Amino acid sequence: MRFLHEDNCCSYYRLEVASEVDKLDIPEEDGGFDFFHGLGIIGYPKAFKMWLRRFPRPILIIASEKSRILGWVYVEEWGNTSRDGRTIHVLRAIEVLPELRKSGIGFKLVILALKEITGYMITKPLTEDAEVFFKKIGFMESAEFRKPPLDLSKHPKYLILPIYKRDMLVKDFESAQTSGSSRT
Ligand SMILES: CC(C)(COP(=O)(O)OP(=O)(O)OC[C@H]1O[C@@H](n2cnc3c(N)ncnc32)[C@H](O)[C@@H]1OP(=O)(O)O)[C@@H](O)C(=O)NCCC(=O)NCCS
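Residues numbered from 1 in each chain as written. Predicted model: local features only at pLDDT ≥ 70, side-chain atom pairs only at ≥ 80, totals over all residues. Heavy atoms only, no water.

Okay, the pattern of salt bridges next. For the structure on display, the rule yields 12 salt bridges. For Lys108, the salt bridge goes to Asp7, with nearest N and O atoms at 2.7 Å. Of the two residues, Lys108 is situated in helix H2 (residues 105-115) and Asp7 in the loop between strand E1 (2-6) and strand E2 (11-15); the sequence distance between them amounts to 101 residues. You can call Asp7 buried: its relative accessible area is 17%. Bridged by salt links that share partners, the residues Arg2, Arg14, Glu16 and Glu116 form one connected network. (Salt bridge = Lys/Arg side-chain N within 4 Å of Asp/Glu carboxyl O. Helix = DSSP H or I, 4+ residues; strand = E, 2+ residues; numbered from the N terminus. Buried < 20%, exposed > 50% of the residue type's maximum accessible area, 1.4 Å probe, protein only.)

Rendered as structure tokens:
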């Protein structure tokens, strides 16, 4: 488990091996994580372990308070490179505990995932709220690009975060860190 960041709400870590999942408390009942139960995840600990055993090793970042997970994001390599030869990662899933939503944890998880990659990040929002969330961060539809950096014609509804926006988000985050902004 690699420490990434800390703010007044929680600490953020990148999980590195499956065995780390056993040390964590992942609430799944009564206001716990539930969104992905109907979408292929039977139990979150099992899914997290399965993902962490994959190669190339994906990015699984958690927001936690002590050992209790409050939010998480999962990102994988997409495989192909973009038209301009950059790597592509896909944000497959993100979730914050219902009671803590709209307090900036989801945004912070995305920024920390962006810091772990170079190149493009893409994602397919599964709900309208998720689409608003990603678009506010800067993700764009293919049609918004004069020439999309990657061909997603066979992957409808995916959004792309352009490299310059990724770089800006990371730079803003880092300068807020050094200036001690309360938002971070
Ligand atoms: C989608 C989800 C993960 C968002 O997490 P969240 O913690 O509620 O999101 P945040 O509080 O970080 O909201 C994003 C905020 O960051 C803000 N933000 C976006 N870009 C920003 C920037 N550059 N600088 C600062 N803040 C920014 C947004 O304005 C937004 O705040 P607002 O809506 O109050 O304006 C969460 O709603 C969730 O778990 N939903 C259920 C699961 C789900 O739908 N997952 C996605 C499936 S694809």
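What follows deals with the site of the ligand. In the vicinity of the ligand lie 20 residues, with Ile94, Lys102, Gly104, Gly106 and Phe107 positioned nearest. Residue Lys136 places a side-chain N or O atom 2.9 Å away from an oxygen atom belonging to the ligand. Protein chains shield 79% of the accessible area of the ligand, which is 960 Å² for the free molecule. At the level of secondary structure, the elements contributing two or more residues to the shell around the ligand comprise strand E5 (88-96), H2 and helix H3 (128-137). It is H3 that contributes the most residues to the shell around the ligand, four residues altogether. (Near = heavy atom within 4 Å. Polar contact = N/O pair within 3.5 Å; in protein donor to acceptor, adjacent residues only side chain to side chain. Areas by Shrake-Rupley, 256 points an atom, 1.4 Å probe, with all protein chains shown as cover.)

Below, the discussion takes up the sheet that holds strand E8 (residues 159-161). With mixed pairing, the eight strands of this open sheet are ordered in space as E1-E2-E3-E4-E5-E6-E8-E7. Since the sheet does not close on itself, it has two edges, and those belong to E1 and strand E7 (140-141), each with one partner. The sheet contacts of helix H1 (residues 44-52) involve E2, strand E3 (59-65), strand E4 (68-77) and E5, and relative to E4 the element is tilted by about 35°. Running over the sheet, helix H4 (residues 163-179) touches E1, strand E6 (120-123), E7 and E8 and is turned about 55° from E8. (Pairing = 2+ DSSP bridges. Contact = heavy atoms within 4.5 Å. Axes fitted to C-alpha atoms, helices over the stretch in contact; angles between N-to-C directions.)

Tallied over the entire structure, the rule returns one disulfide. The residue that forms a disulfide with Cys9 is Cys10, at a sulfur-sulfur distance of 2.4 Å. Looking along the S-S bond of the Cys9-Cys10 disulfide, the torsion reads about 70°, which is the right-handed sense. Cys10 gets classed as buried once you look at its relative accessible area, which sits at 4%. (Disulfide = S-S within 2.5 Å.)

Let us look at the pairing of E4. Counting buried residues in E4 gives eight out of 10 residues, a clear majority hidden from the surface. Pairing geometry for E3 and E4, over seven bridges, is antiparallel. Counted as the bridge partner of Leu60 is Tyr74 from E4. Taking the residues between adjacent antiparallel strands as the criterion, E3 and E4 are bridged by two residues, where Lys66 takes a positive phi near 50°.

Moving on to the packing of H2 against H4. Packing of H2 against H4 leaves a shortest axis separation of 10 Å and a crossing angle of 110°. The angle between H2 and H4 falls in the class roughly perpendicular. Counted together, Phe107, Lys108, Ile111, Leu112, Leu114 and Lys115 of H2 and Arg166, Leu169, Val170, Phe173 and Glu174 of H4 form the full contact between these two elements. Broken down by class, the residue content of the contact of H2 with H4 amounts to seven nonpolar, no polar and four charged. (Parallel < 35°, antiparallel > 145°, perpendicular 65-115°, else oblique. Nonpolar A, V, L, I, M, F, W, Y, C, P; charged D, E, K, R; others polar.)

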